[in-house]
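# Examining the three-dimensional arrangement
Each chain, written out:
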Amino acid sequence: MAEPTLRNTPADSLTPDEAARELAALAAEIAHHDRLYHQHDAPEISDAAYDALRRRNEEIEARFPELRRTDSPSMTVGASPAAGFRKVAHRMPMLSLGNAFAREEAAEFIERVQRFLNLKEPPCCVAEPKVDGLSCSLRYEDGLLVLAATRGDGAEGEDVTENVRTIADVPKRLKDSPPGVIEVRGEVYMDRTEFLDLNRRQQERGERPFANPRNAAAGSLRQLDPRITAGRPLRFFGYAWGELSAQLAPTQWEARQRLKEFGFALNEPAERCDTVEAILAYYERIQVLRPSLSFDIDGVVYKVDRLDWQERLGFVSRAPRWAIAHKFPAERAQTRLREITIQVGRTGALTPVAELEPVTVGGVVVSRATLHNEDEIQRKDIRVGDQVVIQRAGDVIPQVVAVVPELRPEGSVPYVFPHICPVCGSDAVRPEGEVVRRCTGGLICSAQAVERLRHFVSRDAFDIEGLGEKIIREFWNEGRVRGPSDIFRLQETNGRDFPRLEEREGWGARSVEKLFASIEARRRIGLDRFVFALGIPQIGQATARLLARHYLSLDRLMDGMEGARTIGSEAMGELLSIGGIGQSMADDLIAFFHEEHNRKVIADLREAGVEVLDYDPPRVQASPIAGKTVVFTGTLESVTRSEAKARAEALGAKVAGSVSAKTDYLVVGADAGSKAQKARDLGVTTLTEQEWLDLVSAT
Ligand code: AMP
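Here is what the cut-offs are and how they apply
Throughout this description, residue numbers start from 1 for each chain and increase along the sequence as written. Only residues with pLDDT of at least 70 get local features here, since the model is predicted, and only at 80 or more are side-chain atom pairs given and counted; chain-wide, interface and lining totals rely on the full set of residues. Where side-chain values are given, they derive from all heavy atoms of the structure, hydrogens and water being excluded. For this purpose, a residue is taken to be near a molecule or strand whenever a single non-hydrogen atom of the residue falls within 4 Å of it. Pairs of N or O atoms are called polar contacts if they sit within 3.5 Å, as long as, within protein, a hydrogen donor faces a hydrogen acceptor (for residues adjacent in sequence, only side-chain-to-side-chain pairs). In this text, helices come from DSSP runs of H or I with a minimum length of four residues, and strands from runs of E with a minimum of two, each type numbered from the N-terminal end. Residue ranges for the domains originate in an automatic or database domain assignment. The buried label goes to any residue with under 20% of its type's maximum accessible area, the exposed label to any with over 50%, and the partly exposed label to all in between, with areas taken from a 1.4 Å probe on protein chains only. Whether two residues touch is decided by their heavy atoms; if any such pair falls within 4.5 Å, the residues are in contact. A pair of strands is labelled paired if DSSP reports no fewer than 2 bridges between them. Axis definition: a line fitted to C-alpha atoms, over the contacting stretch in the case of helices. Angles run 0 to 180 degrees between N-to-C directions. In these notes, a set of buried Ala, Val, Leu, Ile, Met, Phe, Trp, Tyr and Cys residues joined through side-chain atoms within 4.5 Å is what counts as a nonpolar core. Here, a disulfide means two cysteine sulfur atoms that sit within 2.5 Å of each other. Here roughly perpendicular refers to angles of 65 to 115 degrees, roughly parallel to angles under 35, roughly antiparallel to angles over 145, and oblique to all remaining angles. Note on convention: the crossing is left-handed when the near helix lies turned anticlockwise from the far helix by less than a right angle, right-handed when the turn is clockwise. Three classes are used: nonpolar for Ala, Val, Leu, Ile, Met, Phe, Trp, Tyr, Cys and Pro, charged for Asp, Glu, Lys and Arg, and polar for all others, with Gly counted as polar.

### Brief notes about the site of the ligand
Taken together, 15 residues form the shell around the ligand, and within it S96, E128, R151, E187 and K303 come nearest. The separation between a nitrogen atom of the ligand and a polar side-chain atom of E128 is 2.6 Å. Breaking the shell around the ligand down by element, the ones donating at least two residues are β3 (125-131) and β10 (297-304). Considering each element in turn, the shell around the ligand owes the most residues, four residues, to β3.

Written as structure tokens, this is what we have:
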């Protein structure tokens, strides 16, 4: 790297003219290095040299404060955009898939579809290999590739267009006559032999090999420099689509053929199956073929063939109802259990972890596995020193399935689960009827506090880059970050209340700046992410989204929770009317928002400048029922209740289980009961099934 040479005239001896000239030069030079570092991930100078430039700038400014420039680097700390890819919102969400493991679950999927659509025969399905890579959406306009995005969280991914352009398998211009707009979705993956070659080259260059083809594909696609991606053997299979300006075909099978005509490689062998027996036979066949395929797979996928049926089936939360992944069984291995350690989670749960002699399972080295809980250890009588069987399935954390009793060393003793928290020493108690033992240390337990903070900054919550476990723990120990709002005050407290981060071992001005920038970028956050970040017991991402979608703003949500403390209140009725929220979740929510400490965390965050944005509902087609609350009662004739509900939700309505003053429409099928009477009493509009169908088909 070429290092810049600083002028060595001491700042004190500069004339004002010289100082002004040098400040201008420094501003330009530092901005140049910032750009290289942040936008191109390709710095030209070392951290130390960069820090020296900034220090020189500060010295001169300290001597000539009146010459400080408006674009001075000392004013711009934390303002640069976080390095990385541009975010892109998917016009149609990129979904995940439901999973089946047992044969029965695959059969149940077919039955579920049959019931939902009220069919006489099982639906014909396309069965195809489930490729173990990473999904990508490729947008073509007038046949030309204009955008490529990763899946991200399904709603928003990263723009990786330049990198995808380097993949030979991806057509830059489609053949045949594609629709004007088409988003082709599929999998970026790496061929097995090409993966092994790549790893050999990595090792020859002294670089770390990748754990498996999927990691290699992901690491290669997400390179900030497309030239690096170009040197990696990436490939692409097309198997699905997002936005389309014209339908491709009436069935999944024919749509696949169209993708092939446009120039895409398909994940083969695929098959059309008419019966449960046929899909299971396909599953067996692929399992046998698996080792001889040139790419990694982790199961097969069944998709309802008729696209009009897929449309009617729609999706539930993040997965389509019309498809399922049938995963292959987990891979197993045997090794020695060296030790059992206890992890303390953010809710204080004590989780036992098996520390193992490292062993390879399905190509990945495993040295830790979960032991779930106290009862599991006892039930399986797992002891330190035992030979244990561990298994690993896909991305799931490896687990200990059993011990091999014949190989038990002499003198081993049953494991005694601790009754005090290994981190803070508080009692760990296990309420009657629960499986989990919890630390009672609450706010004084550093493990809980650190885990809560980790959850707070995690990818699906505030998504703050650069605050890993180690740093959070260090910040917590120093007292620099004790609660979430301290994160947003890091810049303010740096050098004032705590030693300057820039002077920390291994840190430099740029890493600090980068951290501040990524915090800054998250000062405004969507309500759903915010609610998830709070770490309320039982409230995962999907429920947080439901709450956001219902209450729309943080203040309304908090008012609603306060009101719901009164049993039988309208606010309680409203909370329970949200599909997916039951009494136990409601209790946790109400308790959480009532707890003084939690209210303070929220108030502190707001005071530290965090702005929680009102929920912005995904654009649904303008529909007469968008935003309305609908209740169904009685037996519907033309569609099943589930289908009617799914359709209403897809059109932006909320479907509630009981009639209240907030209900907009009650749809009354045959043999309706008391709900119809209640609706009449409350003056709610009631619709017959036909009136309802007319209303929704008008969209
Ligand atoms: P999961 O990541 O387990 O939720 O599984 C969903 C993912 O499987 C999708 O996002 C795709 O990336 C991937 N996938 C692999 N092969 C297929 C396939 N043939 N059809 C649909 N999805 C697939």
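On we go.
### Concerning the domain arrangement of the chain
By domain assignment, the chain separates into domain 1 (6-76 + 330-407), domain 2 (87-327), domain 3 (445-487 + 489-522), domain 4 (525-613) and domain 5 (629-696). Between the C-alpha centres of domain 1 and domain 2 the distance comes to 31 Å.

### Examining the environment of I167
Assignment of secondary structure puts I167 in the loop between α4 (161-164) and β7 (181-190). For I167, a relative accessible area of 2% corresponds to the buried category. C-alpha separation for the pair I167 and V344, spaced 177 residues apart in sequence, amounts to 44 Å. Leaving out residues up to four positions away in the same chain, I167 has contacts with K172, V188, L221, L234, R235 and F236.

### Considerations on the sheet that holds strand β13 (residues 323-327)
Strands sit in the order β2-β13-β10-β3-β9 across an open sheet of five strands; the sheet is mixed. The outermost strands of the open sheet, each flanked by one partner alone, are β2 (99-100) and β9 (271-273). Bridge count for β2 against β13 is two bridges, and the pairing is parallel. Opposite N99, over in β13, you have A325 as the bridge partner. The strands that helix α3 (residues 103-117) touches are β2, β3, β10 and β13; relative to β13, the one it contacts most, it runs at about 170°. Contacts between helix α8 (residues 252-262) and the sheet are confined to β3, β9 and β10, with β3 contributing the most and set at about 50° to the helix.

### Describing the nonpolar core
Among the nonpolar cores identified, the biggest contains 59 residues, and I487, F488, L547, L575 and F593 are the most heavily contacted of them. Element by element, the count of residues in this core is highest for helix α21 (residues 583-594), at six residues. Both domain 3 (445-487 + 489-522) and domain 4 (525-613) contribute no fewer than three residues apiece to this core. Filtering out sequence-adjacent residues up to four positions away, L547 remains in contact with V531, I539, L552, L557, L575, I578, I581 and L589. Grouped together as the second largest cluster of nonpolar side chains are 34 residues, A107, Y189, I279 and I324 included.

### Some remarks on the state of the cysteines
Enumeration over the complete set of coordinates arrives at zero disulfides. Free cysteine C421: the closest other cysteine sulfur is in C439, separated by 3.7 Å. Since its relative accessible area comes to 2%, C421 is described here as buried. No disulfide involves C439; its sulfur sits 3.6 Å from the nearest other cysteine sulfur, which is in C424. Residue class for C439 comes out buried when judged on its relative accessible area of 7%.

### Topic: the packing of helix α12 (residues 446-457) against helix α13 (residues 469-478)
At a minimum axis separation of 10 Å, α12 and α13 run at an interaxial angle of 130°. In terms of orientation, α12 and α13 fall into the oblique class. Taken as a pair, α12 and α13 cross one another with a handedness that is right-handed. In contact with S446, A449, V450, E451, L453, R454 and V457 of α12, α13 contributes E469, I472, R473 and W476. Its residues placed into classes, the contact of α12 with α13 shows six nonpolar, one polar and four charged.

### Remarks on the sheet that holds strand β24 (residues 654-656)
Spatial strand order, β24-β23-β25-β26: four strands in an open sheet with parallel pairing. Edge positions in the sheet fall to β24 and β26 (685-688), since each has one partner strand and no second. Neighbour-to-neighbour, the strand axes of this sheet turn through a mean angle of 30°, independent of strand direction. Sheet analysis places strand β25 (residues 665-668) next to β26, joined by four bridges and oriented parallel. Of the residues in β26, the one forming a bridge with V668 is T688. Against the sheet, helix α25 (residues 689-697) makes contact with β23 (629-633), β25 and β26, and its axis sits at roughly 95° relative to β26, the strand it touches most.

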